[in-house]
Each structure stands twice: as C-alpha cells, then as structure tokens.
Amino acid sequence: MKKVLTIAGSDSSGGAGIQADLKTFSAHGVFGMSVITAVTAQNTQGVFAVQDITPEMIASQLDAIFTDIEVDAVKIGMVSQIDTIKVIAEKLRQYKPKHIVVDPVMVSKSGYDLLSPDAKEALIQELIPLATVITPNLPEAEVITGRNISTLKEMEEAAILIHSLGAKAVLVKGGHLEDDATDVSYDGYEFTYYKGTRIATNNTHGTGCTLSSSITSNLANECPLNEAISKAKEYITLAIQHSFSIGKGVGPVHHFYSMYQKAGIQHV
Ligand SMILES: Nc1ncnc2c1ncn2[C@@H]1O[C@H](COP(=O)(O)OP(=O)(O)O)[C@@H](O)[C@H]1O
Ligand SMILES: Cc1ncc(COP(=O)(O)O)c(N)n1
C-alpha cells in the first residue's frame with residue numbers, strides 16, 4: 001500500500017484540514033499519516049481559536065515518520081506561522097519526498113486567517129520551490145501574484161507567474177469564479193482545463209483540502225500529474241454533489257459515496 005503524509009492543521013468539526021485529508025486518503029486506498037501544524041477550534045460556522053504546534057514538535061513528527069517509513073507523497077495544508085514554514089521546508093529539503101502538493105491555505109471559508117499575514121512571503125519563498133504542484137484558489141492566487149483574477153485568461157496568467165516562482169506545476173482553482181467551477185493547470189509547457197459545472201450547494205467546507213489530498217493520493221499511486229488532477233476533479237465533484245448539512249453553517253463534502261454505493265450501504 002502507498003504511504004502518504006499530510007502536514008496540516010486539525011479541524012475539530014472534521015470537514016477540512018487533517019480530518020478531510022485522512023478521509024480522502026482512506027477513500028483512495030492509500031495509507032494516511034499526519035503531521036499536525038496547528039489545532040483549530042472550528043465548526044461549520046467559523047474558527048474560534050487556534051493553537052500553533054511548536055516548530056520543535058513539528059520537526060519531531062517529521063523525523064519520526066521519515067526516519068522509519070518510506071513516504072510516497074506529501075501534501076501541505078495550513079502552515080500558520082513563519083517558523084512553521086521554515087521547519088517544514090528544511091525537513092522536506094532534507095528528506096526529499098518524490099511528490100509534494102502544496103495547498104497554500106490562507107483564509108478559511110468563514111473568513112479566519114489560517115496563515116499569519118506576515119507569513120505569506122515565507123510561504124512563497126520556502127514552499128513554492130518545493131512544490132510538484134501548488135493549488136491556490138482565486139484569492140490565494142491573487143495574494144501570491146498581486147493581481148486581480150476573475151477570468152480564465154487571468155487564471156492562466158496567474159499560473160504562469162506562480163510557475164515562475166519555482167513550482168513544477170500550478171493548478172489555479174475556479175471554485176470562487178462566478179459561473180462554472182473550472183480549474184486550470186500549467187506545467188511550464190501547456191495549460192490543461194478541468195471543467196466543472198457549479199453545483200448549487202452551501203456545503204463546501206474542505207473542498208480545497210479534499211482536492212489536494214486526492215491529487216496527492218493519485219500521485220502516490222503513480223498517476224501522471226494531469227491524470228492525478230483530472231481524477232481528483234472527478235472525486236471532488238462527486239463529493240460536493242453528495243455533500244450534506246451538519247450544524248448550522250457550511251457543511252462537509254461526502255468522501256465515501258462511491259465506496260458506500262459499491263458496498264450497498266445506504267448513504268446520507
Ligand atoms: N459549488 C461548486 N461546484 C462544483 N465544484 C466546486 C464548487 N466549489 C468548489 N468547487 C471545486 O472544488 C475544488 C476546490 O476549489 P475551491 O473551492 O476554489 O478551493 P478552496 O477550498 O481552496 O477555496 C475545485 O476543483 C473547484 O472547482
Ligand atoms: C485546519 C483547516 N485547514 C484548512 C481549512 C480550509 O478549508 P476551507 O477553505 O474549506 O475553510 C480549514 N478551514 N481548516
């Protein structure tokens with residue numbers, strides 16, 4: 001079985017972060033491991049508190065995994081602080097995993113800063129050059145490039161700029177577009193479009209975490225990048241189609257829809 005690692009924050013409500021990543025890994029038949037960077041007190045309505053894990057403890061978690069287990073692919077999510085970013089980058093440069101998917105998480109859907117505003121530059125300088133693929137949503141791509149982005153053409157231009165910062169490939173996600181939820185990737189040679197019609201639902205908590213974890217699983221399973229992304233797009237689309245309401249706010253996506261269908265288990 002392939003072994004994949006998420007380096008991310010914990011979401012107590014289970015819709016995003018580490019919890020979404022581990023559910024996605026299980027649904028893809030890969031063995032999931034986690035390095036927790038921060039603990040959030042969070043639900044479907046918002047983020048209420050964050051406690052960052054110390055850089056020393058993050059380094060220890062990474063050492064424990066990499067000195068013992070061969071990791072097939074890594075995904076990076078919420079990284080919170082400058083020192084968190086620095087220690088992760090240092091350890092990944094040391095251990096050199098084959099695939100690194102960077103989801104540059106900045107602000108939660110509920111509007112809370114999950115990345116300290118002063119850490120944006122560190123994320124750009126330290127993590128982008130390590131990325132097999134980086135998966136910004138539109139607001140994140142705007143922060144990284146310093147440009148307004150609202151059209152497919154502007155998404156392509158942003159992808160070129162972010163690629164020039166050192167990522168091997170860039171996937172600009174269109175979840176925040178006005179109409180279709182189409183994503184665009186650029187690998188330095190060509191653009192690829194991953195078309196998606198917008199699903200009318202409020203339950204999109206953790207969509208970005210899920211998409212990047214699905215790409216990570218597919219890369220671990222030796223899919224070429226474009227195939228890893230297009231399969232992940234199919235997975236997130238199905239997961240959003242079968243998303244459901246828990247609590248009073250933005251609900252989670254459904255990770256196990258196909259598995260439950262095959263097993264004849266009645267799903268929500
Ligand atoms: N309402 C929706 N209908 C269909 N696909 C969506 C919807 N919202 C997001 N997506 C897709 O989910 C994935 C995550 O995108 P996005 O929501 O932009 O990321 P983030 O969670 O980082 O903000 C992308 O593939 C995007 O196109
Ligand atoms: C710990 C953690 N990591 C990532 C997200 C982003 O997810 P979303 O954009 O759906 O709020 C989150 N809310 N919490």
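As the structure is a prediction and not an experimental result, all values here were calculated from the model.

Chemist: Looking at this model, I keep getting lost on the overall build of the protein chain. Mind explaining?
Modeler: Within the protein chain, the regular secondary structure consists of nine helices and nine strands. Looking at the protein chain as shown, the accessible area adds up to about 11,800 Å², and 52% of this sits on carbon and sulfur atoms. Computed over 21 positive and 29 negative side-chain charges, the inter-centroid distance for the protein chain is 4 Å.

Chemist: Help me understand the nonpolar core in this model?
Modeler: Counting 46 residues, the largest nonpolar core has Leu 5, Ile 7, Ile 76, Ile 88, Leu 127 and Ile 134 as its most contacted members. Excluding residues within four positions of it along the chain, Ile 134 makes contact with Val 102, Pro 104, Ile 128, Ile 144, Ile 162, Ala 167, Ala 169, Val 170 and Leu 171. Counting residues in hydrophobic clusters, the runner-up holds 17 residues, among them Leu 211, Leu 225, Ile 229 and Ala 239.

Chemist: When you look at the UniProt feature "domain: Pyridoxamine kinase/Phosphomethylpyrimidine kinase" (unreviewed entry) in the protein chain in this model, what are you seeing that I'm missing?
Modeler: Sequence positions flagged by UniProt for "domain: Pyridoxamine kinase/Phosphomethylpyrimidine kinase" (unreviewed entry) are, in local numbering, residues 11–254. The distance separating the terminal C-alpha atoms of residues 11–254 is 16 Å; by composition the span is 39% helix and 16% strand.

Chemist: So what exactly am I meant to see when it comes to the site of ligand 1 here?
Modeler: Near ligand 1 lie 16 residues; those nearest to it are Lys 173, His 176, Asp 183, Ile 199 and Lys 233. Measuring from an oxygen atom of ligand 1, one finds a side-chain N or O atom of Asp 183 at 2.6 Å. Between Lys 233 and ligand 1, the recorded distance is 2.8 Å, taken from a side-chain N or O atom to an oxygen atom. For ligand 1, whose unbound accessible area comes to 550 Å², protein coverage reaches 94%. Put simply, the parts of the chain that give the shell around ligand 1 at least two residues each are α7 (207–220) and α8 (225–241).

Chemist: Looking at this structure, I do not really get the pattern of salt bridges. What am I missing?
Modeler: A pair can form between side chains of opposite charge whenever their charged atoms are brought close. Summed over the entire model, instances satisfying the criterion amount to nine salt bridges. In this structure, Lys 2 and Glu 222 form a salt bridge, with 2.8 Å as the shortest nitrogen-oxygen distance. Placement of Lys 2 in the segment before β1 (3–11) and of Glu 222 in the loop between α7 and α8 is noted, with a sequence separation of 220 residues between them.

Chemist: Would you take a moment to explain helix α5 (residues 138–145) for this structure?
Modeler: In an α-helix, one full turn covers 3.6 residues, which means residues spaced three or four apart are oriented alike. Among the residues of α5, those classed as buried are Leu 138, Glu 140, Ala 141, Ile 144 and Thr 145. In an axial view of α5, the angular spread of the buried residues amounts to 160°, which keeps them on one side of the axis. Contact partners of the buried residues in α5: α4 (120–127), β6 (133–134), α6 (152–163) and β7 (170–172). Following α5 by one or two positions, Gly 146 adopts a phi angle in the positive range, close to 70°.

Chemist: How should the environment of Ala 119 be read in this particular structure?
Modeler: Secondary-structure assignment places Ala 119 in the loop between β5 (100–102) and α4. Taking the relative accessible area as the measure of exposure, Ala 119 reaches 0% and is therefore buried. Spatially, the C-alpha atom of Ala 119 lies 7.5 Å from that of Ser 80, the residues being 39 residues apart in sequence. Not counting residues up to four positions away in its chain, the partners in contact with Ala 119 are Ser 80, Gln 81, Ile 82 and Ile 85.

Chemist: Help me out: how do you make sense of unusual backbone geometry in this one?
Modeler: Glycine aside, the phi torsion of most residues is negative, and most peptide linkages are trans. The phi torsion at Lys 96 lies on the positive side, around 50°, for a residue other than glycine. Here Lys 96 is to be found in the loop between α3 (82–95) and β5. Given the relative accessible area of 64%, Lys 96 is considered exposed. Unlike most non-glycine residues, Glu 222 shows phi in positive territory, near 70°. According to the relative accessible area criterion, Glu 222 is exposed, its value standing at 59%.

Chemist: Could you clarify how one ought to interpret the packing of aromatic side chains in this entry?
Modeler: Each aromatic ring pair is characterised by the separation of its centres together with the angle its planes make. Within this structure, the stated rule accounts for three aromatic pairs. Between the aromatic rings of Phe 256 and Tyr 260, the centroid separation amounts to 6.0 Å while the plane-to-plane angle is 20°, which identifies the pairing as stacked. You can call Tyr 260 partly exposed: its relative accessible area is 30%.

Chemist: Teacher, can you tell me more about the site of ligand 2 here?
Modeler: The environment of ligand 2 is formed by 14 residues, the closest being Gly 9, Gln 42, Lys 109, Leu 114 and Gly 206. Within the contact set of ligand 2, a nitrogen atom lies 2.8 Å away from a side-chain nitrogen or oxygen of Gln 42. A distance of 2.9 Å separates an oxygen atom of ligand 2 from a polar atom in the backbone of Lys 109. Burial of ligand 2 by the surrounding chains reaches 94%, relative to a free accessible area of 360 Å².

Chemist: What should I look at first to understand the pairing of strand β9 (residues 191–194) in this one?
Modeler: Sheet faces and side chains relate simply in a regular strand, where the side chains alternate between the two faces. Going residue by residue along β9, you find Thr 192 and Tyr 194 tucked away on one face and Phe 191 and Tyr 193 left uncovered on the opposite face. Note: strand β8 (residues 183–186) against β9, four bridges, orientation antiparallel. Looking at the pairing, Ser 185 lines up with Thr 192 of β9. The loop that links β8 with its antiparallel partner β9 comprises four residues; one of these, Gly 188, has a positive phi angle of about 95°.

Cut-off values and rules
- Residues numbered from 1 in each chain as written.
- Chains lettered and ligands numbered in written order.
- Predicted model: local features only at pLDDT ≥ 70, side-chain atom pairs only at ≥ 80, totals over all residues.
- Heavy atoms only, no water.
- Helix = DSSP H or I, 4+ residues; strand = E, 2+ residues; numbered from the N terminus.
- Areas by Shrake-Rupley, 256 points an atom, 1.4 Å probe, with all protein chains shown as cover.
- Lys, Arg positive; Asp, Glu negative; His and termini not counted.
- Charge placed at Lys NZ, Arg CZ, Asp CG, Glu CD.
- Core = buried A, V, L, I, M, F, W, Y, C linked by side-chain atoms within 4.5 Å.
- Buried < 20%, exposed > 50% of the residue type's maximum accessible area, 1.4 Å probe, protein only.
- Contact = heavy atoms within 4.5 Å.
- UniProt positions renumbered as here; feature names shortened; annotations may be inferred.
- Near = heavy atom within 4 Å.
- Polar contact = N/O pair within 3.5 Å; in protein donor to acceptor, adjacent residues only side chain to side chain.
- Salt bridge = Lys/Arg side-chain N within 4 Å of Asp/Glu carboxyl O.
- Arc of directions from axis to C-beta.
- Phe/Tyr/Trp six-rings, centres within 6.5 Å; stacked < 30°, edge-to-face > 60°.
- Pairing = 2+ DSSP bridges.

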